[in-house]
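Remarks on the overall topology
Take a look at the letters that make up each chain.
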Amino acid sequence: MRPSELYAEDLVFEHEATNATGIPGTVIRQWARRGRIQKFPGEGRLTGNGHEYKTMYALPEIRALAPTYRPRPQRAPHARAA
């Protein structure tokens, strides 16, 4: 998707994309790092706790990839002693 195909309301911050799609923010950042989605410079809004939202993502791209996301457990289950 080219930036010229996006509307201003399509660009969202990570927490907004998480609320809209249910995909964790860590996964969204990983997709951006791997080049599966584009990231754009943010507008520098303050979060209220001293941090800024610096990166915006294209919500249509995240929605297109959302059906392929499958949460995986991070640790193998332990065998229980009987």
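Definitions and cut-offs
- Residues numbered from 1 in each chain as written.
- Predicted model: local features only at pLDDT ≥ 70, side-chain atom pairs only at ≥ 80, totals over all residues.
- Heavy atoms only, no water.
- Core = buried A, V, L, I, M, F, W, Y, C linked by side-chain atoms within 4.5 Å.
- Buried < 20%, exposed > 50% of the residue type's maximum accessible area, 1.4 Å probe, protein only.
- Helix = DSSP H or I, 4+ residues; strand = E, 2+ residues; numbered from the N terminus.
- Contact = heavy atoms within 4.5 Å.
- Arc of directions from axis to C-beta.
- Patch = residues over 30% accessible without salt bridge, like charges linked within 9 Å, V, L, I, M, F, W, Y side chains within 5 Å.
- Areas by Shrake-Rupley, 256 points an atom, 1.4 Å probe, with all protein chains shown as cover.
- Salt bridge = Lys/Arg side-chain N within 4 Å of Asp/Glu carboxyl O.
- Lys, Arg positive; Asp, Glu negative; His and termini not counted.
- Charge placed at Lys NZ, Arg CZ, Asp CG, Glu CD.
- Pairing = 2+ DSSP bridges.
- Axes fitted to C-alpha atoms, helices over the stretch in contact; angles between N-to-C directions.

Residues A17, I23, I28, W31, I37, Y57 and I62 are the most contacted members of the largest nonpolar core, which totals 13 residues. Residue assignment for this core shows that the elements contributing at least two residues are α2 (25–34) and α3 (59–65). Here the element with the most residues in this core is α2; it accounts for four residues. With near-sequence residues (within four places) excluded, I62 lies in contact with A17, T21, I28, W31, I37 and Y57.

What follows concerns α2. For α2, every residue scored as buried is listed here: G25, V27, I28, W31 and A32. An end-on view of α2 places all buried positions within 160° of arc, on one side of the element. In α2, those exposed residues whose orientation departs by more than 90 degrees from the buried face are R33 and R34. Of the residues trailing α2, G35 is marked for its positive phi of about 85°.

Together, R33, R34, R36 and K39 make up a region of like positive charge exposed at the surface. Here R34 lies in helix α2.

Moving on, we come to the environment of R63. Topologically, R63 is positioned in helix α3. Placed 46 residues apart in sequence, R63 and A17 show a C-alpha to C-alpha distance of 8.8 Å. Excluding its chain neighbours within four sequence positions, the residues that come into contact with R63 are A20 and T21.

Turning our attention to the sheet that holds strand β2 (residues 39–41). Strand order in the open sheet made by the three strands is β1-β3-β2, with antiparallel pairing throughout. Only two strands of the sheet have a single partner each, and these edge strands are β1 (11–13) and β2. Sheet twist, expressed as the mean angle between neighbouring strand axes with direction ignored, is 45°. Bridge count between β2 and strand β3 (residues 55–58): three bridges; the pairing is antiparallel. Residue K39 lies in a different strand from β3, and its bridge partner there is Y57. Where helix α1 (residues 14–21) meets the sheet, its contacts fall on β1 and β3, and the angle it forms with β1 comes to roughly 100°.

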